[in-house]
Amino acid sequence: MQIGFATEPYSELRADALITYVFDTENKFDGALADINREMNGRLESLAASGELTGKPLEFVLVHFPQGLSAQRLLLVGAGEPAKFSAADLRKIAGAALRYLKPRGVKKTIFLAREGEGGPDAAQAVVEGIVLGDFESDKYRSEKKNQEIESVSLAGFDAGRGGDLISAAEQGRIIAESQNFARDLINEPANRLTPRMLAARAEAMARDAGLSVEILDERKIAELKMGALIGVAQGSIEPPRMIVLRYTPKNPRPGGPVLGLVGKAVTFDTGGISIKPANNMEKMKYDMGGGATMLGAMRALAALKPSIPVMAVIPATENMPGGRAQKPGDVQVAMSGKTIEVINTDAEGRLILADGIFYARKLGCTHLIDAATLTGAIEVALSNVNVGAFGTPREYLDQFLASAKAVGEKMWPMPIDDEYEEMIKSNIADIRNTGSGKGGGAITAAWFLKEFTDDTPWIHLDIAATCWVDEGRAWLAKGPTGVAIRSIIDFAMKM
Ligand code: BES
Ligand code: ZN
Ligand code: ZN
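Okay, so let's go over this structure. (Residues numbered from 1 in each chain as written. Chains lettered and ligands numbered in written order. Predicted model: local features only at pLDDT ≥ 70, side-chain atom pairs only at ≥ 80, totals over all residues. Heavy atoms only, no water.)

Things to note about the coordination of the zinc ion (ligand 3)
Tetrahedral coordination by four donors sets the ideal angle at the metal to 109.5 degrees; octahedral coordination by six donors sets it to 90 or 180 degrees. Of the protein atoms, only K264 (NZ), D269 (OD), D287 (OD) and E348 (OE) coordinate the zinc ion (ligand 3), at distances of 2.0 to 2.4 Å. Geometry at the zinc ion (ligand 3) is octahedral, judged from the six donor atoms that bind it and their angles of 78 to 173 degrees at the metal. Along the chain, the residues donating to the zinc ion (ligand 3) fall in the pattern K-x4-D-x17-D-x60-E. In this structure, the zinc ion (ligand 3) is positioned 3.2 Å from the zinc ion (ligand 2), and both are ligated by D269. Placement of the pair is K264 in the loop between β9 (259-263) and β10 (265-269) and D287 in the loop between β10 and α9 (289-304), with a sequence separation of 23 residues. In this structure, K264 and D287 share a single accessibility class: buried. (Donors = N, O, S within 2.8 Å, 3.2 Å for Na, K, Ca; no water. Tetrahedral: all angles 85-135°; square planar, octahedral: opposite > 155°, others 65-115°. Helix = DSSP H or I, 4+ residues; strand = E, 2+ residues; numbered from the N terminus. Buried < 20%, exposed > 50% of the residue type's maximum accessible area, 1.4 Å probe, protein only.)

Structure (C-alpha cells):
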C-alpha cells in the first residue's frame, strides 16, 4: 500500500473515498467540515439533525458522490469528545476507516486531518492505524476475502513541517509493519512454525534488518545446562532453540544500560503430561506470542536505532507429552543452579523463561523486559482489555507504563508483594512451578520469574489474554494483536 502526503487541496484530489472525522460537539461544523457542508448544500447538517451523524466514537457515515469533492465517497468517522481526543483515537479512526472501506471495493483513499491536528504525532498515529488495520489473516486462504487498498494520501497536514512529517510517517510505518510481522508469526500453525522454523525466521529477519543473530541448538543448550528449558523440550521430538538477536548502537556508552527482551516462544503448548483439554487447544499455537513480540520490537529498533544496546533472548520449544516428557514431581536444575519441582508440566512458560532471563543477564543485560502468554489467570484478573504488567523497582515499571500510555496500549500494574513468594516454596526443591495457595495465579507465576532476575530492574508482561482476540474490533482484525510491541519500542527509544 502506498502512503504519502498530498499537496493539492483535498477537494480536488481524485479518489474512491475521502476519510475524515467528526467530533460529537459538531452540530455546527468547523473548518473543513463547514466547507464540505456548504458545498453539499447543508447535507451534513441534515444528517446531524436526523440523528444519523452524531460524532460518537467510531460511528460511520458514508456519503456517496459528495458534491464539491472530487472523491467518489465521503466517509465520516465519529471521534467523540474533542477534549478527550488523543493520538490513540486517531490511530483507531484510521484503522477502523480502512477496515470499513476494504470490503467496499475502494482502492484509492484520502485521509483528511482536522484543523490543528496535522503535526508529526498525528501523522505517525494515522499511518500506524492504516498499516495495522490493513492486516489480514488470509495467508492460507485460496481466495482472499478483500481486495487491496492501493493508496492513502494524507491531506490537511502542516505543509510547513515537511521533513518532520515524512520521518514521522516513516517511523509509524516501520513500527506498524513490525507489529504485523509479529502478528504473522503468531498466526502460523504449529506445524509450520516449529522452534527450528521460528529460529530460521528470526535469522532471516535479523539479516534483512541488520541485527546480529546467534541460534543455540540443543547441543549448545545442553552444554550451557539450561535444565529448565530442556525439561520442557524433552517431551517433544522437535529440538529446542535459544534465539539471541543483538542491536548495537554506533557509539555505545561504556558502562551504560543494556536492555534485554526475553520472550516466551512455546510453538505449541499441549500442557505436556498435565495435558490440556481438547477444547480450544488449537489456540495454543499462539503460545509463542511473547517471542514474536520481541522479534517484532527488534525489527523496528534495528531501523529506529535507539542509543542503547538491545538484545532479544527467546527460548523456543514445544510442550509435548512424548515418551521422554518430564512428569509432575520431577525436579529440574535451571541454568542459574536453582532447583525446581515441576508440579504441573503445563506451567512450562515460566520454566523456559527462567533460563531465558538468567542467560540474558549472563550476556550482560542490565535491564529486563519479558513478555509471555503466561497464565490463564491474567484473563480472570483483567479480561482481554489490559496487559498485566509486573515489575521491580516500581519506578522502572512506572516508566514503562508511561510508554504504554503514550502509544495507546492498555496495561495495568499488578502487585508482587513478598507474601506471594511463600506460595512457590517447594517441599523438596528450591521452588515449585505453581502456586500452592488459592488464586493469584498470574502473580505467583511472576514471582517465579523474579527468582531468576537477581534484582535486575525487570518488567514482566503477561499477554496471555491480550495477544490474541477472538472477536475483531473496528480498528483491528480478530486473531493476533501484536500488543506490547509499540510500548517496548517507545521505552527502548526513551531509555
Ligand atoms: N500457555 C498457557 C497460558 C495461556 C492460557 C495462554 C490461555 C493463553 C491462553 C500456560 O503455559 C499455562 O498453561 N498456564 C497454566 C498454569 C497453571 C498450570 C499453573 C494456566 O494458566 O492454567
Ligand atoms: Zn502451559
Ligand atoms: Zn504455555
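Brief notes about the pattern of salt bridges
Taken as a whole and assessed by the stated rule, the structure comprises 26 salt bridges. Across the salt bridge formed by E136 and K102, the nearest N and O atoms sit 2.7 Å from each other. With E136 in the loop between α4 (120-133) and β6 (151-155) and K102 in the loop between α3 (87-101) and β5 (108-112), this residue pair connects regions lying 34 residues apart in the sequence. Judged by its relative accessible area of 24%, E136 falls in the partly exposed class. The exposure class of K102 is buried, given its relative accessible area of 3%. Taking the shortest distance from any N to any O, the salt bridge between D346 and K276 comes out at 2.9 Å. Of this pair, D346 sits in the loop between β13 (339-341) and α10 (349-362) while K276 sits in the loop between β10 and α9, placing them 70 residues apart in sequence. We classify K276 as partly exposed; its relative accessible area is 23%. (Salt bridge = Lys/Arg side-chain N within 4 Å of Asp/Glu carboxyl O.)

Structural notes on the coordination of the zinc ion (ligand 2)
Around the zinc ion (ligand 2), the protein contributes the donor atoms D269 (OD), D346 (O), D346 (OD) and E348 (OE), at 2.0 to 2.2 Å from the metal centre. Relative to the metal, the six donor atoms surrounding the zinc ion (ligand 2) lie at angles of 71 to 168 degrees, and the coordination shape comes out irregular. Here the donor residues for the zinc ion (ligand 2) map to a single chain with the spacing D-x76-D-x1-E. The buried category is assigned to D269, whose relative accessible area is 3%. Note on D346: relative accessible area 22%, which makes it partly exposed.

Observations regarding the environment of V22
Looking at where V22 falls in the secondary structure, it is placed in strand β2 (residues 17-22). Given the relative accessible area of 2%, V22 is considered buried. Put simply, V22 and D158 are 136 residues apart on the chain and 19 Å apart in space, counted from C-alpha to C-alpha.

Details of the pairing of strand β15 (residues 387-392)
Buried residues dominate β15, accounting for five of its six residues. For the crossover that starts at β15, traverses helix α12 (residues 394-406) and ends in the parallel strand β16 (residues 411-413), the hand is right-handed. Two elements, β15 and strand β18 (residues 458-462), share five bridges in a ladder whose sense is antiparallel. Bridge assignment links T392 to a residue of β18, and that residue is W458. (Right-handed = clockwise from strand over helix to strand, strands pointing away. Pairing = 2+ DSSP bridges.)

Some remarks on the sheet that holds β13
Read from one edge to the other, the open sheet built from three strands follows the order β12-β13-β17, with strand pairing classed as mixed. Lying at the two open borders of the sheet, with one neighbouring strand each, are β12 (331-333) and β17 (431-432). Here β13 pairs with β17 via two bridges, running parallel. For I340, the partnering residue across the bridge sits in β17 and is I431.

A word on a positive patch on the surface
Where like charges cluster on the molecular surface, the positive patch consists of R141, K144, K145 and K478. For R141, the location among the structural elements is in the loop between α4 and β6. (Patch = residues over 30% accessible without salt bridge, like charges linked within 9 Å, V, L, I, M, F, W, Y side chains within 5 Å. Areas by Shrake-Rupley, 256 points an atom, 1.4 Å probe, with all protein chains shown as cover. Lys, Arg positive; Asp, Glu negative; His and termini not counted. Charge placed at Lys NZ, Arg CZ, Asp CG, Glu CD.)

Focus: α10
Note that an α-helix has 3.6 residues per turn; residues three or four places apart therefore point the same way. For α10, built from 14 residues, the straight-helix expectation of 20 Å at 1.5 Å per residue is met to within 8% by its first-to-last C-alpha distance of 20 Å. Across the 14 residues that make up α10, a large majority, twelve, are buried. Residues of α10 that are buried include every one of G349, R350, L351, I352, L353, A354, D355, G356, I357, F358, Y359 and A360, and no others. Following α10 by one or two positions, G364 adopts a phi angle in the positive range, close to 105 degrees. (Expected span 1.5 Å × (residues − 1).)

Some points on the pairing of β10
Among the five residues in β10, five count as buried, and that is most of the element. Here β10 pairs with strand β11 (residues 310-319) via four bridges, running parallel. Within β11, the position partnered with D269 by the bridge is N319.

Digging into the packing of helix α6 (residues 195-209) against α9
Following both chains from N to C, one finds α6 and α9 inclined at 10 degrees, their axes separated by 9 Å at the closest point. The orientation of α6 relative to α9 falls into the category roughly parallel. Of α9, the residues touching α6 (which contributes L198, A202, M205 and A209) are L295, R299 and A302. (Axes fitted to C-alpha atoms, helices over the stretch in contact; angles between N-to-C directions. Parallel < 35°, antiparallel > 145°, perpendicular 65-115°, else oblique. Contact = heavy atoms within 4.5 Å.)

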